[in-house]
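Structural features, examined
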Amino acid sequence: MGLNDQQEQRLAKLRALREQGLDPYPPRALRTHSAAEAVARFTAIEPSLGGEPDPEVVAVVGRVVAIRDLGRIVFCHIRDGSGAIQIYLRRDLLGDERLAWFKRFIDLNDFIEVQGHLFRTRTGEISVQVQEFRLLTKALNPPPDKWRGLSDVETRYRQRYVDLLTSEKVRRIFVVRAQLIRALRRYLDERGFLEVETPTLQPIYGGAAARPFTTYYHALDQTFYLRISDELYLKRLLVGGYERVYEICKDFRNEGIDARHSPEFTMLEFYAAYCDYLDVMQMCEEMVVYAAEQALGTLVIPWGEHTVDLTPPWRRVSLREVLLEHTGIDFLHVTEQAELYARARALGADVQPTTVWPRILDELLKSFVRPRLIQPTFVYDYPVELSPLAKRKPDDPRLVERFQLFIGGLELANAYTELNDPLDQLARFLEQARDRELGDEEAMPIDEDFINALMYGMPPTGGFGLGIDRLVMLCTNQQNIREVILFPQLRVKPEMTGLVEALAPYLHLVVATPTVPTISGRSPSADEGSDSSHD
RNA sequence: GGGCCGGUAGCUCAACUGGCAGAGCAGCGGACUUUUAAUCCGCGGGUUGUGGGUUCGAUUCCCACCCGGCCUACCA
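Since the structure is predicted, the reported quantities are computational estimates derived from the model, not experimental observations.

Brief notes about the protein's contact with RNA strand B
Surveying the vicinity of RNA strand B reveals 56 residues, the closest of which are Asp 5, Thr 123, Trp 147, Glu 154 and Arg 491. In the interface set of RNA strand B, defined as its atoms within 4 Å of the protein, sugar plus phosphate atoms amount to 61%. Here a base nitrogen of RNA strand B and a backbone polar atom of Gly 71 are 3.2 Å apart. Contributing elements (two or more residues each) for the surface near RNA strand B: helix H1 (5-19), strand E1 (58-69), strand E2 (73-80), strand E3 (83-90), helix H5 (153-158), helix H12 (357-369) and strand E17 (396-407). Residue composition of the surface near RNA strand B, by class: 16 nonpolar, 14 polar and 26 charged.

In structure tokens:
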């Protein structure tokens, strides 16, 4: 590939800087105000200034994102984590040489530090009148298109750093994501939940139906699996005596990638002793409402062509009713596989004669019901065959106490009154094992140790799982899950970029020419301490 | 896995029926003392995803492959 002309230009500038005895990557910066703080400061004191500039000198830093060179004056925008601010350089303040140097050596994407007085320009923009400036970091790559930014999806995902540095909208997605997670944690922490960490590498996978990623654990000389769920470990903790636990973690399912599925995704699960699924339903509603309020400041969310309103109370409907409503099928009365198959087929569902009864039902739910559940909807009471870890309803053993939450056509959460009867649990596992032998790769393997744990007694418990990525999708109006994952996986490109070879001739430039001896009175040991106990 | 679409300058995109590979931004040089996508003049920049084939001639047509997107399948 080699270097393009712009990279060559910038490397030539880098060389010139070295020859001038300047460090293009100095270790420290001087900053008295962030961009936003500088603007806020000037706004606050402006009425007392009588049109004069701020008499104090401020120091701001940031990436150069725009340069407008008007000859004897130059306007730039620099951006830091708080936002952007305009800087204003004029020859009669800086001198001929300094301004020329700026124009010659400062490029878009470079980081700089400027000192000067805040003022308001004739066109009304609060700006820094630069008296001193300094290069903080030389950028060797130019930014993408000034207006349209980076639009190639593949590049956006492969080089997310470029996507982020280009797009405020993309940066905001991950801020909202963090705010949502923070709020979920706060909600649970404030209600007595203990945050725990359970194994990512598991000798037996369980807690969900999915194909796992497999790895080899050399120290133990055994095959291990990346967790598809943390459910069975969290329940063991309830056996152990904790009443309320939660974990936010990555789960891994070795399955297809599409707009709503990422093989590596983030899940929140919580378990609360002495609660049932109706208690959990209430908490789920409160928690999601709280998170949205904290992250977005509103409960009314644009979602594609729809508007989702999270204002409680949310609709609650049994699976039987909602299937009846959208397909006309009453699954409590269509109990024969052949009949259900015929009915589903008549509706146009993509099912095979061999598709088992519960999977047909699931297909009906996915194809005919879920896409229509735009406003928050709890669907509850599922057939036992679909839910091997949930407790049966006392008055109808064909059903389990389970609900799913649908918003915006997304399956967002799944919860049960947890099965704590070790014998029933074993019976469910055995059923799964039978399906497994019949070729259902996703059916759960038997986890004997989990049965053993239940034999010690797990209190009546409500459990809950929430797809964090999907909640972020909803709250940021993103229709593809990869838009809310910072570094989504893509197939590695086999071709070499040749960057290593292309940059080799420039490696001598890393030898800095010392100019000013270090006069810092601070010693590294005093500065950095030895608080890191890692290793 | 299947179907459809795409990959051209650093970025965003053109290139008709096969006929000199172009524009805007960015870059480089010049002019300009209040700009906001600044403006104006000039200049450079290409392995057209990769490899084959057809042809006097291929970004364009054909084949294979690579990468990606959408749909579909798979996925409680």
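What follows continues from the structure just given.
Remarks on the environment of Glu 231
Here Glu 231 is to be found in helix H8 (residues 231-239). Relative accessible area serves as the criterion here: at 5%, Glu 231 is assigned to the buried category. Sequence separation between Glu 231 and Phe 464 is 233 residues, and the spatial gap between their C-alpha atoms is 9.1 Å. Those residues in contact with Glu 231 that lie beyond four places of it in its chain are Gly 207, Glu 269, Tyr 271, Leu 389, Tyr 416 and Glu 418.

Comments concerning the nonpolar core
In terms of nonpolar packing, the biggest core is built from 56 residues, with Leu 268, Phe 270, Phe 403, Phe 464 and Leu 466 touching the most fellow members. With 12 residues, the single largest contributor to this core is helix H9 (residues 277-296). When neighbours within four sequence positions are excluded, Phe 403 is seen to be in contact with Tyr 277, Val 280, Met 281, Cys 284, Phe 378, Val 379, Tyr 380, Tyr 382, Ala 413, Asn 414, Ala 415 and Phe 464.

Considerations on the sheet that holds E3
The five strands are arranged E1-E2-E3-E5-E4 in a closed barrel whose pairing can be described as mixed. When strand polarity is set aside, the average angle formed by the axes of neighbouring strands in this sheet is 55°. Sheet topology note: the E1/E2 ladder contains six bridges and is antiparallel. In the strand pairing of E2, Arg 68 is matched with Phe 75.

Here we look at H8
The buried fraction of H8 amounts to seven of the nine residues, a majority that puts the element mostly inside the structure. Glu 231, Leu 232, Tyr 233, Leu 234, Lys 235, Arg 236 and Leu 238 are the residues of H8 that are buried. Looking at the buried positions of H8, the neighbouring elements they touch are strand E7 (201-202), strand E10 (244-252), strand E11 (264-273), strand E18 (410-417), helix H14 (448-455) and strand E19 (461-467). One or two steps after H8, the chain reaches Gly 241, where phi turns positive at roughly 115°.

Considering the environment of Leu 332
As for its placement among the helices and strands, Leu 332 is situated in the loop between helix H10 (319-327) and helix H11 (337-346). Classification of Leu 332 as buried rests on a relative accessible area of 15%. Sequence-wise, Leu 332 and Arg 320 are 12 residues apart; in three dimensions their C-alpha atoms are separated by 7.3 Å. In contact with Leu 332, other than residues within four places in its own chain, are Arg 320, Asp 396, Arg 398 and Leu 399.

What about the pairing of E2?
Counting buried positions over the eight residues of E2 gives seven, a clear majority of the element. Turn length for the E1-E2 hairpin, with the two strands adjacent in sequence and antiparallel, is three residues, and the turn residue Gly 71 shows positive phi of about 100°. The turn linking E2 back onto E3 is made up of two residues.

Quick look at the pattern of salt bridges
Overall, the coordinates contain 32 salt bridges when judged by the stated rule. Residue Asp 80 pairs with Arg 31 through a salt bridge whose shortest N-O separation is 2.9 Å. With Asp 80 in strand E2 and Arg 31 in the loop between H1 and helix H2 (35-45), this residue pair connects regions lying 49 residues apart in the sequence. Asp 80 gets classed as buried once you look at its relative accessible area, which sits at 12%. Relative accessible area serves as the criterion here: at 46%, Arg 31 is assigned to the partly exposed category. Residue Lys 138 pairs with Asp 110 through a salt bridge whose shortest N-O separation is 2.6 Å.

Some remarks on the sheet that holds strand E9 (residues 222-226)
An order of E7-E9-E8 is seen for the three strands of this open sheet, with the pairing classed as antiparallel. The strands lining the two open edges of the sheet, one partner per strand, are E7 and strand E8 (214-217). Of the strand pairs in this sheet, E7 and E9 are connected by two bridges, and their pairing is antiparallel. Residue pairing across strands places Leu 201 opposite Leu 226, the latter belonging to E9.

Conventions we followed
- Residues numbered from 1 in each chain as written.
- Chains lettered and ligands numbered in written order.
- Predicted model: local features only at pLDDT ≥ 70, side-chain atom pairs only at ≥ 80, totals over all residues.
- Heavy atoms only, no water.
- Near = heavy atom within 4 Å.
- Polar contact = N/O pair within 3.5 Å; in protein donor to acceptor, adjacent residues only side chain to side chain.
- Helix = DSSP H or I, 4+ residues; strand = E, 2+ residues; numbered from the N terminus.
- Nonpolar A, V, L, I, M, F, W, Y, C, P; charged D, E, K, R; others polar.
- Buried < 20%, exposed > 50% of the residue type's maximum accessible area, 1.4 Å probe, protein only.
- Contact = heavy atoms within 4.5 Å.
- Core = buried A, V, L, I, M, F, W, Y, C linked by side-chain atoms within 4.5 Å.
- Pairing = 2+ DSSP bridges.
- Axes fitted to C-alpha atoms, helices over the stretch in contact; angles between N-to-C directions.
- Salt bridge = Lys/Arg side-chain N within 4 Å of Asp/Glu carboxyl O.

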